[in-house]
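Remarks on the overall topology
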Amino acid sequence: ILNVEQSPQSLHVQEGDSTNFTCSFPSSNFYALHWYRWETAKSPEALFVMTLNGDEKKKGRISATLNTKEGYSYLYIKGSQPEDSATYLCAGPSGDDKIIFGKGTRLHILP
Amino acid sequence: DVKVTQSSRYLVKRTGEKVFLECVQDMDHENMFWYRQDPGLGLRLIYFSYDVKMKEKGDIPEGYSVSREKKERFSLILESASTNQTSMYLCASSPVWGGTYNEQFFGPGTRLTVL
């Protein structure tokens, strides 16, 4: 089973500041890496699915990079807003059609 | 709009009761998943199904069973609920084409409390 690690566990960021956090995974047998955002009282929803080394994806103020050779992905949020407060989950493949999730990074945006 | 629905948002049951958690998706997805989420542990896979009547154990299947009689519906069953099954339960689905390249679509979750 692939172990997916996320850091930090929790993060407090001032509104307007930019931030980033990390997902690391074993680099062997890599297929795809997923990022999800989970807001309180809502369903987790996918931000990105990344497959290629060096890939960079962007959705509004959120972007992600992928390094499959060294086994990490960064998620960046530019100019944090209150609506960015959420838990951010990453997940990697765990055989067949399954993925395994990290424990998440809980982001709090301070007004 | 794609949709995964779960039968209850909140559920309170007593130890020893049989509990059914229902999940329905309207996207014609082959794959369906049941996870539980506990503080500090993240999402852990209980069971998944890649077709009607097919099921596979995930990482923590003990104490649970599942049923998939129709493509759109995936049920999680707690045969005899115990207090350590108090948790948030999330259902998800994804198309089989593309395997783990496909994002999963999640339901809103059921917060189960076993007294």
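Residues numbered from 1 in each chain as written. Chains lettered and ligands numbered in written order. Predicted model: local features only at pLDDT ≥ 70, side-chain atom pairs only at ≥ 80, totals over all residues. Heavy atoms only, no water.

With that settled, consider unusual backbone geometry. Here the residue pair S7(A) and P8(A) is connected by a cis peptide bond, since its omega of -5° sits within 30 degrees of zero. Relative to the helices and strands, P8(A) is located in the loop between β1 (5–7) and β2 (10–14). Of note, A41(A) is a non-glycine position whose phi angle comes to about 70°, a positive value. As for its placement among the helices and strands, A41(A) is situated in the loop between β4 (33–38) and β5 (45–50). If you check the backbone angles, D28(B) has positive phi at about 60° while not being a glycine. (Helix = DSSP H or I, 4+ residues; strand = E, 2+ residues; numbered from the N terminus.)

Residue and element names in this part refer to chain A. Following the sequence through the fold, S63 ends up in strand β7 (residues 62–67). On the basis of relative accessible area, S63 is assigned to the buried category, the value being 14%. S63 has contacts with F48, K57, K58, Y74, L75 and Y76, leaving out every residue within four places of it along the chain. (Buried < 20%, exposed > 50% of the residue type's maximum accessible area, 1.4 Å probe, protein only. Contact = heavy atoms within 4.5 Å.)

On to the packing of aromatic side chains. In total, this model carries 13 aromatic pairs over all chains according to the counting rule given. Ring geometry for Y36(A) against F101(A): centres 5.6 Å apart, planes inclined by 50°, an arrangement best described as tilted. With Y36(A) in strand β4 and F101(A) in strand β10 (residues 99–101), the pair connects residues that are 65 residues apart, well separated along the chain. Through pairs of rings, three or more aromatic residues link up here, namely Y36(A), F101(A), F33(B), Y35(B), F48(B), Y50(B) and F106(B). (Phe/Tyr/Trp six-rings, centres within 6.5 Å; stacked < 30°, edge-to-face > 60°.)

Residues and elements named next belong to chain A. Read across the open sheet, the five strands follow the order β1-β3-β8-β7-β6; overall the sheet is antiparallel. Here the strands that pair on one side only, and so sit at the sheet edges, are β1 and β6 (56–59). On average, each strand axis in the sheet is inclined to that of its neighbour by 15°, with strand direction left out of account. Judged from the four bridges that link them, β6 and β7 form a sheet pairing that is antiparallel. If you follow K58 over to β7, its bridge partner there is S63. (Pairing = 2+ DSSP bridges. Axes fitted to C-alpha atoms, helices over the stretch in contact; angles between N-to-C directions.)

For the rest of this paragraph, the subject is the interface of chain B and chain A. In this assembly, 25 residues from chain B lie in contact with 22 residues from chain A. Buried area between chain B and chain A, both sides added, is near 2,000 Å², and the carbon and sulfur share of it is 61%. For chain B, the biggest contributors to the area lost against chain A are L43(B), T100(B) and Y101(B); these three give 31% of the whole. At the boundary of chain B with chain A, the tally comes to zero salt bridges. Where chain B packs against chain A, one counts three residue pairs in polar contact (both at pLDDT 80 or more). Among the elements of the structure, β4 (31–38), β5 (42–49) and β6 (56–57) of chain B are those that each provide at least two residues to the side of chain B that touches chain A. Taken together, the residues of the side of chain B that touches chain A sort by class into eleven nonpolar, nine polar and five charged. (Buried area = accessible area lost by both parts, 1.4 Å probe. Salt bridge = Lys/Arg side-chain N within 4 Å of Asp/Glu carboxyl O. Polar contact = N/O pair within 3.5 Å; in protein donor to acceptor, adjacent residues only side chain to side chain. Nonpolar A, V, L, I, M, F, W, Y, C, P; charged D, E, K, R; others polar.)

A word on the nonpolar core. Counting residues in each nonpolar core, the largest one holds 23 residues, and the members touching the most others are F21(A), W35(A), F48(A), L75(A), Y88(A) and L107(A). L21(B), Y64(B), L78(B) and L112(B) belong to the second-largest nonpolar core, a separate cluster that totals 21 residues. (Core = buried A, V, L, I, M, F, W, Y, C linked by side-chain atoms within 4.5 Å.)

Bringing the pattern of salt bridges into the picture now. Residue and element names in this part refer to chain B. Across all of its chains, the model carries ten salt bridges over all chains by this definition. The partner of D38 in a salt bridge is R44, and the shortest N-O contact between them spans 2.9 Å. Notably, a salt bridge pairs K53 with E69, separated by 2.4 Å at the nearest N-O pair. On the criterion of sequence distance, the pair formed by K53 in the loop between β5 and β6 and E69 in strand β7 (residues 64–70) is long-range, its members being 16 residues apart. Take K53 and E69: they sit in the same class, and that class is exposed. Through salt bridges that share partners, D28, E30 and K71 make up one connected network.

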